[in-house]
2 protein chains.
Amino acid sequence: MSKGITPQSQNYASWYTDVVKQAGLADYGPVKGTMVIRPYGFILWENIKEPLDRMIKETGHVNAYFPLLIPKSFFSKEAEHIKGFAKECAVVTHTRLKIDDEGEIIVDPESKLEEEVIIRPTSETVIWSMYKKWIQSYRDLPVLINQWVNIVRWEMRTRLFLRTSEFLWQEGHTAHATAEEAEEETLKILGLYKKLAEEFLAIPVLTGLKSESEKFAGAEQTYCIEAMMRDKRALQAGTSHNLGQNFSRAFNVTFQNRDNQEELVFATSWGVSTRLVGAVIMAHGDDKGLRLPPKIAPYQVVMVPISRDESGCLKVRKFISPVLDEMRAKGVRIYEDWSDNTPGFKFNEWEMKGVPLRLEVGPRDIEGGKAVLVRRDTGEKIILEKNVLTEQIPLLLEEIQKGLFDQALAFRQKNTHTVSSYSNFKDIIENKGGFIRCGWDGTQKTEMKIKEDTKATIRCILYKEDPSEMRCVYSGNSAKHVVIYGKAY
Amino acid sequence: MSKGITPQSQNYASWYTDVVKQAGLADYGPVKGTMVIRPYGFILWENIKEPLDRMIKETGHVNAYFPLLIPKSFFSKEAEHIKGFAKECAVVTHTRLKIDDEGEIIVDPESKLEEEVIIRPTSETVIWSMYKKWIQSYRDLPVLINQWVNIVRWEMRTRLFLRTSEFLWQEGHTAHATAEEAEEETLKILGLYKKLAEEFLAIPVLTGLKSESEKFAGAEQTYCIEAMMRDKRALQAGTSHNLGQNFSRAFNVTFQNRDNQEELVFATSWGVSTRLVGAVIMAHGDDKGLRLPPKIAPYQVVMVPISRDESGCLKVRKFISPVLDEMRAKGVRIYEDWSDNTPGFKFNEWEMKGVPLRLEVGPRDIEGGKAVLVRRDTGEKIILEKNVLTEQIPLLLEEIQKGLFDQALAFRQKNTHTVSSYSNFKDIIENKGGFIRCGWDGTQKTEMKIKEDTKATIRCILYKEDPSEMRCVYSGNSAKHVVIYGKAY
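Residues numbered from 1 in each chain as written. Chains lettered and ligands numbered in written order. Predicted model: local features only at pLDDT ≥ 70, side-chain atom pairs only at ≥ 80, totals over all residues. Heavy atoms only, no water.

Right, let's talk about helix α11 (residues 389-414) of chain A for a bit. For α11 of chain A, spanning 26 residues, the distance from its first C-alpha to its last is 36 Å, which sits close to the expected 38 Å at 1.5 Å a residue. All of the buried residues in α11 of chain A are Leu389, Thr390, Ile393, Leu396, Leu397, Ile400, Gln401, Gly403, Leu404, Phe405, Ala408 and Arg412 of chain A. (Helix = DSSP H or I, 4+ residues; strand = E, 2+ residues; numbered from the N terminus. Expected span 1.5 Å × (residues − 1). Buried < 20%, exposed > 50% of the residue type's maximum accessible area, 1.4 Å probe, protein only.)

This is how it looks when you write it as structure tokens:
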């Protein structure tokens, strides 16, 4: 198990892979680029899903399920959309296997489909083909639907959780009577995503707009949340798109408005994915492994008995069980490690797995009526009277939740540089890393040139910030936008 | 909306389709045989998932996620398995689309895969390929994993929820050190499925074994729960398979036992699907539409104001809102229908949608400090004092839950016939319908002959019942098993 983890400073990518594998989060599947999410990783995903699903429902949305398979012809209906996804589509062409004369299993050529079908790389097309049936009048609007599903995009270079040929996500698809309402919805969801990231994942995020070249294929506007990882790279952690009337036009979805006129429906779509698990790993992890925010940690507390013989364990159990029961009743998620590994092994193991709080109980603690707590976020050791544990542990978990957020925020702030000269820009990107806040003249030419030079891209346009005092970091022309630049996953 | 539902007695299949469509449960998707689960249907599925997921976790299982895509070669590893699924596999052969010279979107021939991949029709093969990596020693056992995923089996004749090319399900896949433990697991899950069906879906089920010809492709034994629908046909509602060492042999998954010997692992797999939604519709529905068991109903109570003018509605709201708030706090799911349709329209609408309890409040009720309740299961009208509503409504919901179960049980009992002569058997199958309890000599010949004659199949072997006093209903030889025969979905 504990094979040692490559230090972050030595090779961040290897560190990441080591942690994912050794903590039992995920594995590659047999088909290239597919992912097996192992139980420990999946509980993490469930604990991310749960609060987001609740927020989605509390804001009036409902869940549904649309088919995995989409007719090829649907992709031709929205020109930008097909350009965005054509190169990574898994195509189903046949529907049967058979055993040939030599006993080999082959695809039955007679089962060839008349029209090939595509595994959804995203569901706008299939959903808008259904909305056409369901929407006739303004009374049918808004439609506020979300689904939790799997997605396939055939990727060549993959990394677990961050970029895989199949991933899990939620995708919301809403239909509205007015452009204003669609914009409001887009921003409302952006707010939910920010709340999810900051309050549950303890990851501070910047919110902003994507540039034309980075926005979703088929959207008018793409809003995003962007986070900084501990290697100072950016990770896009969620996107919310205002689709305008692009998909309603493509699928001819009109409604009769209050004035009895036919109008095209306005749309949004938005999603976050299992990529968020990767964000949690990289925003908080250190050389010992994961550091999980208590709100989403599979286990919030691990109890390690400092005793390996049977009578010692019995004493520990007698001493601590009532406390653990009481905490469980309060909703604290606890794992008791009674395995016959040494305490030292267990410490490493559970630190690697990122459990926020370790509770140690040994003979001396029992004698003194105390227990030792060790925080995963700071390494701090705290000795507490047994009778205050039930009260103090939930408070400590809150502190750890906040502590991780504060550390990540301080890290991002320290590594975000407001820059006005291009040489400074290049120096930071090449030598220091981090986010650059600067002016951009709004031209694609500038954007492309900077990307060519440095591989850095506009992570988001800080659309609320006033660019009037700034100049473009590259062209020196007056800035149209204040933007965040960085290298991205 | 309310286009009228075909009466069950006139055409049961049309009744079913009418209810599914008009209640907004599901629709066909654009690719043949695929299904769109609409929000009202999806909440029903979520309410079925929730208690089952809880039970699965309470019995020590954990959720995970295995890939959608499986290499074709995996299917050749277990001979029975490939036979069972070869004819309904969606095969992915290419990974890109492109635009050809005429501007048409085509599958890029250069993106052809070296080895075709299959969309999972079930996940034994991909999961056992991973278990091979994860299992080395008896210390790694048992592995108790479940996943909630989508499945594709290319079906020619489809019916929403019952048989579609794509459906949703959970599939558990466990690995054990001994045959006994695997058998115990198989039966434990069968018990959970029975509990789910009876206590939550209010559907009484028979539990039994499948015959060789009906068992899962690759299993040693398939246990099942079988339910009777209101057209007296059988619906297989869940299966739990003891896979023996078939898949561990196919994927060479061995473990070192306590005596340091290499042994093949023992396996089980088990699943229930969105088919259960079909079971709920057909086990309880009547000519007015759905009748939903309160425990899984999206809304348990619908409040219909018997007043259409604004001031009347205001009075209703003032009168009933505190009661509704109190009930919501108790966890009762309530819908308030303030739309401007007539009360009569609303009654029909919500009866069709199967809401267990209707709460009517009009001016006269307010005057008398009362409200009217109407039970969907019996049609019974109950007038209650306002101040007892919060207490009585949850009790009424419990009664309705029990009432639906009792009705379904009485219906099954009335339509289950113990039969010893084949002419009687045929007469019942042809003219009356229902389940037949009889002796079977255990031969495939008998089984096939009866199927040819009558289309009835062995729904399950009542393996706990003693056949020694019975003769085979067909051959007259001494019976090897007591079985349940019926026509099935």
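Rotating chain B by 180° and moving it 0.0 Å along the rotation axis overlays it on chain A with an RMSD of 0.0 Å. Taken together, these values place the two copies in the relation of a two-fold axis. Ranked by how close their C-alpha atoms come to the rotation axis, the residues of chain B are headed by Val92 of chain B, at 2.1 Å. Looking at the interface residues of chain B, 98% of them are also at the interface in chain A, so both copies use one shared face. (Least-squares fit on C-alpha atoms with pLDDT ≥ 70 in both. Contact = heavy atoms within 4.5 Å.)

This next bit is on the pattern of salt bridges. Residue and element names in this part refer to chain A. On inspection of all chains with the given rule, the structure shows 52 salt bridges over all chains. Residue Glu351 pairs with Lys288 through a salt bridge whose shortest N-O separation is 3.7 Å. Within this pair, whereas Glu351 is found in helix α9 (residues 343-352), its partner Lys288 is found in the loop between α7 (275-284) and β17 (301-305), the two being separated by 63 residues in sequence. Residue classification places Glu351 among the buried residues on the basis of a relative accessible area of 16%. Residues participating in the shared-partner salt-bridge network are Lys210, Glu214, Glu226 and Arg459. (Salt bridge = Lys/Arg side-chain N within 4 Å of Asp/Glu carboxyl O.)

Right, let's get into the packing of aromatic side chains. Residues and elements named next belong to chain A. One pass over the full model with this rule turns up 34 aromatic pairs over all chains. For the pair Phe74 and Phe251, a centre-to-centre distance of 5.5 Å together with 75° between the ring planes defines the contact as edge-to-face. In this pair, Phe74 is assigned in the loop between β4 (69-71) and α3 (79-85) and Phe251 in the loop between α6 (246-250) and β14 (254-256), connecting sequence segments 177 residues apart. Here Phe74 falls in the buried class, since its relative accessible area comes to 11%. (Phe/Tyr/Trp six-rings, centres within 6.5 Å; stacked < 30°, edge-to-face > 60°.)

Every contact between the two is made by 62 residues of chain B and, on the other side, 62 residues of chain A. With both chains or domains summed, chain B and chain A bury close to 5100 Å², and 71% of this area falls on carbon and sulfur atoms. Three residues stand out in chain B for area buried against chain A, namely Tyr65, Leu97 and Ile105 of chain B, and they jointly supply 14% of the buried area on that side. Scanning the region where chain B abuts chain A turns up two salt bridges. The interface formed by chain B and chain A includes 28 residue pairs in polar contact (both at pLDDT 80 or more). Here the side of chain B that touches chain A is composed, by residue class, of 40 nonpolar, nine polar and 13 charged. Two strands pair when backbone bridges link them, and strand β5 (residues 91-94) of chain A and strand β5 (residues 91-94) of chain B are joined in this way by three bridges, in the antiparallel orientation. Note that in β5 of chain B the partner of His94 of chain A across the bridge is Val91 of chain B. (Buried area = accessible area lost by both parts, 1.4 Å probe. Polar contact = N/O pair within 3.5 Å; in protein donor to acceptor, adjacent residues only side chain to side chain. Nonpolar A, V, L, I, M, F, W, Y, C, P; charged D, E, K, R; others polar. Pairing = 2+ DSSP bridges.)

So, on to the sheet that holds β17 of chain A. All names here are of chain A. In space, the five strands of this open sheet follow the order β18-β17-β19-β20-β21, with mixed pairing throughout. If you trace the sheet from one side to the other, it starts and ends with β18 (334-336) and β21 (381-385), each paired once. This sheet shows a mean twist of 25° between the axes of neighbouring strands, independent of strand direction. Where β17 and β18 come together, three bridges link them in parallel fashion. Looking across to β18, one finds that Val301 is bridged to Ile334. Running at roughly 170° to β17, α9 makes contact with β17, β18 and β19 (357-361) of the sheet. (Axes fitted to C-alpha atoms, helices over the stretch in contact; angles between N-to-C directions.)

Interfaces are often sized by the amount of accessible area the parts lose when they come together. Residue and element names in this part refer to chain A. When its domains are assigned, chain A resolves into domain 1 (22-284), domain 2 (301-396) and domain 3 (416-486). For domain 1 versus domain 3, the separation of C-alpha centres amounts to 29 Å. In this assembly, 19 residues from domain 1 lie in contact with 17 residues from domain 3. For the pairing of domain 1 and domain 3, the buried interface totals around 1400 Å² over both sides, and the portion due to carbon and sulfur atoms is 62%. In this assembly, domain 1 and domain 3 are joined by two salt bridges. Glu214 serves as the salt-bridge partner of Arg459, at 3.5 Å between the closest nitrogen and oxygen. The interface formed by domain 1 and domain 3 holds seven residue pairs in polar contact (both at pLDDT 80 or more) in total. Secondary-structure elements contributing two or more residues to the side of domain 1 that touches domain 3 are α5 (179-200), β11 (206-209), β12 (221-228) and β13 (234-244). Among the elements that line the side of domain 1 that touches domain 3, the one with the most residues is β12, at five residues. Taken together, the residues that form the side of domain 1 that touches domain 3 break down as nine nonpolar, five polar and five charged. (Domains from an automatic or database assignment.)

Okay, the sheet that holds strand β21 (residues 381-385) of chain B next. The strands that make up a sheet are held in pairs by hydrogen bonds between backbone atoms, and each pair lies either parallel or antiparallel. All names here are of chain B. An order of β18-β17-β19-β20-β21 is seen for the five strands of this open sheet, with the pairing classed as mixed. Across the chains shown, the open sheet's two edge strands, defined by having one partner strand only, are β18 (334-336) and β21. Mean inter-strand twist for the sheet, computed between neighbouring axes without regard to direction, equals 25°.

With that settled, the discussion passes to unusual backbone geometry. Each neighbour pair has its own omega, and for Leu141 of chain A with Pro142 of chain A the value is -5°, a cis peptide bond. Note that Pro142 of chain A resides in the loop between α4 (124-134) and β9 (143-152). In this model, Phe161 of chain B sits at a positive phi of 70°, which is unusual for a non-glycine residue. Following the sequence through the fold, Phe161 of chain B ends up in the loop between β9 (143-152) and β10 (166-176). Residues other than glycine seldom take positive phi values, yet Asn260 of chain B does so here, at roughly 65°. Mapping Asn260 of chain B onto the fold places it in the loop between β14 (254-256) and β15 (262-264).

Attention now moves to the packing of helix α2 (residues 39-58) of chain A against α5 of chain A. Residue and element names in this part refer to chain A. Contact pair α2 / α5: the axes reach a minimum separation of 10 Å and the direction vectors enclose 145°. With respect to the hand of their crossing, α2 and α5 are arranged in right-handed fashion. Of the residues in α5, those in contact with Ile48, Pro51, Leu52, Arg54, Met55 and Ile56 of α2 are Leu192, Tyr193, Lys195, Leu196 and Phe200. Considered class by class, the residues forming the contact of α2 with α5 number nine nonpolar, no polar and two charged. (Left-handed = near helix turned anticlockwise from the far one by under 90°.)

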